[in-house]
Amino acid sequence: MRFVLRVLKALALLLVLVITVAAGWLFVWPPELLRVGDGYAAKIVCSNVFIAGRNADEVLENDVQAPGNPLLRLVRVSVDRANNRVTARFMGLFASSYALYRGAFGCTSVPDGNFEAAADAVPFDAPGKMEANAAPWPEGESVGDRDERIAAVLNDPGLAGPAMRAIVVVRDGRIVAEAYGPGFSAKTPLIGWSMTKTVNAAIVGRLMLDGKISFDDDHLLAQWKNDRRGGIKVSDLLGMESGLAFNEDYGNVADVTRMLYLDPDMVSLPANAPMEAAPGQRFRYSSGTAVLLSRIWMDRIGNAQAAFSYPHDALFSPLGMTSAVFELDARGTFAGSSYLYATAHDWARFGQFLLQDGVWNGQRLLPEGFVGAMRTPTAASNGRYTQGQAWLAPGGSNAAFGLPEDTFWLTGHDGQSMALVPSAKLIVVRLGLTPGWLGYQPQTLLRAILAASPQSGAPQQQAGSQQPTQAQP
C-alpha cells in the first residue's frame, strides 16, 4: 500500500512539474499560432469597441470565437478604456497581444507591446470629423420608399446568408431596400476586410489624377533598387501579378497572419519577399501586395501629415463617407489589405462612385479608364481578377449564376461582398460574419434581386473586351 502511495505521489509531482514546465514555456516562448490568435482577438475587439461601440464580451464571443479555431475559445480579453488599449491572452495568461486605439485612425495591432512607438507613429492632427445630414442618400442618410419586392428577397434567410449584418441595395442611384441583423443598423461601422483593397486602389487612382504615380512606374521601393524586384510595376501590384512569393493561407500561421498580427511594420514581410516568377506572369492573391501599394502611395505624397489625411481629403470627404475609418499598422502604414470600417450606406457610396466611373457631383476624382481597369480581367488570373484590385468572377463565372456579363465584385473575408452591375445600375452590399466553410455564395442573392427588379436594358459589353488598360493622369 505504501508503495502505491509513493507511486501516486511521484506521478502527482511529475504532473505538477510537467504543468509548470509547459506553463513556463508558454509564458516565455509562446507558439506563433497562439500569438496570432491573441493578436487577432485584441485587434478585432479593439476596433469593434472603440469604432463601432459594441460590447467587448459580445465581440469576443461572436466575432472571434464562434467562427474560428477552437483554441480561440480559450482567449480572454481586457479593455483598458483609460489608455485606449485591449489585451488578449490565451487562457488569460499566455501569449499576450495588444491593440491600441488612435482616435480617427482606429485601432492597430501592437505585437511588440511598444505602445509609445505605436502612438508616435501617427503624431499629427487627425482629419476633421464629418457629420452626416438628413438629405436623401447619397447626399445624406435619408432613405425614401423601399421596393417591397426586393425587401422580400432580403428577408429570405437563405438568400441573405448566415450571420448577415447588413444588406443595402442601390438602384438608379438610390437605396431601394436594406436589411440589418440583430444588434446592427445603418449607423454601425462594419469591416470590409479585403474590400478595403479596392478602396486602396482608388486612392492610387486619385494620385494618378494628380500626376504623382502611374501604372508603369517601377523601382518602387529602395530595397528593390539592385535586384529583379526593381522591375515590378504599379500595374503588377494592382493586378496581383508582382511575382513576389506570399502565402495567403488563413488556416494556419502564414505570411498574411504574420504580417497582420506578428509584425508592427506590415511592409517588412512583403517588401522582403523573394521573387517566384517574373512580374506579370503569375497571379497570386496577396494582402501583402495591397500593403505595399499603401506604402508606395504614401511615399509619393512626400509629406507624412498629408499622407495620413489623404484618404479622408481625397476620397471619403468628397463622397460623404462620414463613418469611414481607415486603420494603419503600428508603424504608420495604412493597412490597405484589410482594415477599413464604414457603415453599409458608406460602402454603398463607394460602389455608386465606381458605377459613375469615378465622377462625383460632376467632379472627376479618378482618371478616365481607371474604373475600366477595375473591370478588365488579367490574363494570369484566368479572367477572375482585374487590373484594379477587384474581382470579375469570385468563386466561378458570372454566367454560371445567370448574372449579367458586366457584373464585377468587391469581396472580403467572412462573407463581405459588393456586387456592381452597371447595365442594371445596381449595387448590392452584403456584410456579415459568414465563414467560407458555410458555403454561402452572394451570387444567389444578386440573382434574386435582379429577378425582382424592373427589367433594364441589355447588359453592357463584357468588361474583358474593353481596353482601358491605362488611365490618363
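An unreviewed UniProt entry lists the protein chain under the name Serine hydrolase, with Rhizobium lentis given as the organism.

Glancing now at the state of the cysteines. Counted under the stated rule, the structure contains one disulfide. Put simply, C46 and C107 are joined by a disulfide, and their sulfur atoms are 2.1 Å apart. Its S-S torsion of about -75° marks the bond between C46 and C107 as left-handed, since a negative value means left-handed. You can see C46 sitting in helix α2 (residues 32-50) and its partner C107 sitting in strand β4 (residues 107-109), a full 61 residues away along the chain. With respect to burial, C46 and C107 carry one shared label: buried.

Glancing now at the sheet that holds strand β2 (residues 85-90). The strands that make up a sheet are held in pairs by hydrogen bonds between backbone atoms, and each pair lies either parallel or antiparallel. Pairing within the open sheet is antiparallel, and its four strands lie in the order β1-β2-β3-β4. Of all the strands in the sheet, the pair left with one neighbour each is β1 (75-80) and β4. Ignoring which end each strand starts from, the neighbouring axes of this sheet average 20° apart. As defined by bridge partners, strand β3 (residues 94-101) adjoins β4 across three bridges and the pair is classed as antiparallel. Looking at β4, one finds that L100 is bridged to T108. Set on the sheet, α2 makes contact with β1, β2, β3 and β4; between it and β3 the angle comes to about 30°.

Let us now look at the packing of aromatic side chains. In total, this model carries 17 aromatic pairs according to the counting rule given. Relative to Y101, the ring of F50 lies with its centre 4.8 Å away and its plane at 10°, an arrangement referred to as stacked. In this pair, F50 is assigned in helix α2 and Y101 in strand β3, connecting sequence segments 51 residues apart. Judged by its relative accessible area of 16%, F50 falls in the buried class. The class of Y101 is partly exposed, set by a relative accessible area of 22%. Clustering of aromatic rings is evident, with ring pairs tying together F105, W297, F308, Y310, F326 and F334. In this arrangement the basic side chain of K43 is found over the ring face of Y339, its NZ or CZ atom lying 3.8 Å from the centre. Above the face of the F115 ring, R85 is positioned so that its terminal group lies 3.9 Å from the ring centre.

Turning our attention to empty space enclosed by the protein. Enumeration according to the criterion identifies four cavities of 30 Å³ or more in this entry. The volume enclosed by the largest cavity comes to roughly 140 Å³. Lining the largest cavity are 14 residues; nearest its centre among them are D63, R165, I191, W193 and L433. Among the secondary structure elements, those contributing two or more residues to the lining of the largest cavity are α2, β7 (190-191) and β14 (426-432). In terms of residues, the lining of the largest cavity owes the most to one element, α2, which gives three residues. Considering only residue class, the lining of the largest cavity consists of eight nonpolar, three polar and three charged.

Each neighbour pair has its own omega, and for W137 with P138 the value is 10°, a cis peptide bond. Here P138 shows up in the loop between α4 (115-120) and α5 (148-154). The phi torsion at N382 lies on the positive side, around 60°, for a residue other than glycine. Along the chain, N382 falls in the loop between α14 (370-374) and β12 (408-412). We classify N382 as exposed; its relative accessible area is 69%.

If you walk through the whole model with that rule in mind, you get 18 salt bridges. For R54, the salt bridge goes to E58, with nearest N and O atoms at 3.2 Å. Relative accessible area serves as the criterion here: at 10%, R54 is assigned to the buried category. Through salt bridges with shared partners, a single ionic network connects R54, E58, D63 and R165.

Next up on the list: α2. The end-to-end C-alpha distance of α2 is 27 Å, a good match for the 27 Å that 19 residues give at a rise of 1.5 Å each. The buried count for α2 comes to 16 of 19 residues, which makes it a mostly enclosed element.

A few words on the sheet that holds β7. Taking strand neighbours across the sheet as the criterion, the three strands line up as β7-β9-β8 in an open arrangement whose pairing is antiparallel. The strands lining the two open edges of the sheet, one partner per strand, are β7 and β8 (325-326). Alignment of β8 against strand β9 (residues 340-342), held across two bridges, turns out to be antiparallel. In the sheet register, F326 faces β9, and the bridge partner there is L340.

Rules used throughout
- Residues numbered from 1 in each chain as written.
- Predicted model: local features only at pLDDT ≥ 70, side-chain atom pairs only at ≥ 80, totals over all residues.
- Heavy atoms only, no water.
- Disulfide = S-S within 2.5 Å.
- Helix = DSSP H or I, 4+ residues; strand = E, 2+ residues; numbered from the N terminus.
- Buried < 20%, exposed > 50% of the residue type's maximum accessible area, 1.4 Å probe, protein only.
- Pairing = 2+ DSSP bridges.
- Axes fitted to C-alpha atoms, helices over the stretch in contact; angles between N-to-C directions.
- Contact = heavy atoms within 4.5 Å.
- Phe/Tyr/Trp six-rings, centres within 6.5 Å; stacked < 30°, edge-to-face > 60°.
- Lys NZ or Arg CZ within 6 Å of the ring centre and 35° of its normal.
- 1 Å grid on protein atoms, 1.4 Å probe; cavity = no way out; pocket = protein on both sides within 12 Å on 5 of 7 lines; lining within 4 Å.
- Points joined across faces, edges and corners; volume = space filled by probe spheres on them.
- Nonpolar A, V, L, I, M, F, W, Y, C, P; charged D, E, K, R; others polar.
- Salt bridge = Lys/Arg side-chain N within 4 Å of Asp/Glu carboxyl O.
- Expected span 1.5 Å × (residues − 1).

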